[in-house]
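Chains, contacts and geometry: an overview
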Amino acid sequence: DELRSGTLVHHHYARPKAKYLLRLWIVHLVLRAQLGEAFGGSCLVTRSEAKSSAESRFLGPVDQPLEFLNELVEIRKFGLEQPLLFFPETSHAYARSLSEAENPESNEARRGALESARAAWVGANRKGAPPGESDDAAIQRVYGHGAPYRPGFVMPNIFVPEERSFHTLAMTIFGPLFAAEGGAF
């Protein structure tokens, strides 16, 4: 990471991943809270999906960074007590699809978002494509082989309040990030 002329530049020689964007978002919020208007924004530079060029994403001004940071801290605290229904790539795909929908509250938008989540969860079945999050052994151990992104998913002996459901977490974490973003991820 480098801070240049009031702009944070974060780079990875890898394809774009939600975890890189999340890391940038947290640092972006901290710098915005500390530096205020003097902080211009953040830029994430990654290798393109085609691997032939670079891609960049810009995060602009955020009016209440401490509010978003406090919410992320509360989510983290909850996650230290019990498993969170949050999976960076799957949640990112779901929230992105819903955020870009013409009518995010419609059943059609929800179905499209769930299909995007499913695609990220299972991954691509082609040579050289990244595996889905469902292939992660640690995730399988905690959540089994089900689909924890689907509405109504239940973990044995664990109560998940609505404010910590997959849908709510995905939108709470990624919604404000997308609002600050100056380009698609």
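Anyway, here's the lowdown on the structure attached to this text.

Rules and cut-offs
Residues numbered from 1 in each chain as written. Predicted model: local features only at pLDDT ≥ 70, side-chain atom pairs only at ≥ 80, totals over all residues. Heavy atoms only, no water. Helix = DSSP H or I, 4+ residues; strand = E, 2+ residues; numbered from the N terminus. Buried < 20%, exposed > 50% of the residue type's maximum accessible area, 1.4 Å probe, protein only. Lys, Arg positive; Asp, Glu negative; His and termini not counted. Salt bridge = Lys/Arg side-chain N within 4 Å of Asp/Glu carboxyl O. Contact = heavy atoms within 4.5 Å. Core = buried A, V, L, I, M, F, W, Y, C linked by side-chain atoms within 4.5 Å. Expected span 1.5 Å × (residues − 1). Axes fitted to C-alpha atoms, helices over the stretch in contact; angles between N-to-C directions. Parallel < 35°, antiparallel > 145°, perpendicular 65-115°, else oblique. Pairing = 2+ DSSP bridges.

To continue, consider the side chain of Glu133. Structurally, Glu133 is set in the loop between helix H4 (107–122) and helix H5 (137–143). Nearest to the buried, unbridged Glu133 among oppositely charged side chains is Arg15, at 8.7 Å. Those residues within four positions of Glu133 in sequence are excluded, and the remaining contacts are Phe87, Pro88, Glu89, Thr90, Ala120, Trp121 and Ile139.

Inspection of the entire model under this criterion finds eight salt bridges. A salt bridge links Arg57 to Glu55; the shortest N-O distance between them is 2.9 Å. Accessibility classification places Arg57 together with Glu55 in one group, the buried group. Taken together, the shared-partner salt bridges in this structure form one network comprising Arg96, Glu100 and Glu181.

The subject of this paragraph is the nonpolar core. Grouped burial of nonpolar side chains is what soluble globular proteins tend to show. Judged by nonpolar contacts, the single largest core of 43 residues is most densely connected at Trp25, Phe86, Tyr94, Phe166, Ile173, Phe174 and Leu177. Counting residues per element, the ones that place at least two in this core are helix H1 (18–35), helix H2 (65–81), helix H3 (88–100), H4, H5 and helix H6 (166–180). Not counting the four nearest positions on each side in its chain, Phe86 is found in contact with Leu22, Ser91, Leu169, Ile173 and Phe174.

Over its 13 residues, H3 extends 18 Å from the first C-alpha to the last, a length consistent with the 18 Å expected when each residue adds 1.5 Å. Every buried residue of H3 is accounted for by Thr90, Ser91, His92, Ala93, Tyr94, Ala95, Arg96, Ser97 and Leu98. Each element contacted by the buried residues of H3 is listed here: H1, H4 and H6.

Where H1 meets H6, the closest approach of the two axes is 11 Å, and the angle between their N-to-C directions is 75°. Overall, the two elements H1 and H6 adopt an arrangement that is roughly perpendicular. Each of Ala18, Leu21, Leu22 and Trp25 in H1 lies in contact with H6, whose residues at this interface are Ile173, Phe174, Pro176, Leu177 and Ala180.

This brings us to the pairing of strand S4 (residues 54–59). Burial along S4 is one-sided: the residues Glu55, Arg57 and Leu59 are buried and none of Ala54, Ser56 and Phe58 is. Examined bridge by bridge, strand S3 (residues 41–47) and S4 share six bridges and lie antiparallel to one another. When the bridges of S4 are listed, Val45 appears paired with Ser56. Turn length for the S3-S4 hairpin, with the two strands adjacent in sequence and antiparallel, is six residues, and the turn residue Lys51 shows positive phi of about 65°.

Strand order in this open sheet of four strands is S1-S2-S3-S4, and the pairing throughout is mixed. What marks the edges here is a single partner per strand, and that holds for strand S1 (2–4) and S4. Mean inter-strand twist for the sheet, computed between neighbouring axes without regard to direction, equals 25°.

Honestly, it's all geometry; don't read function into it.
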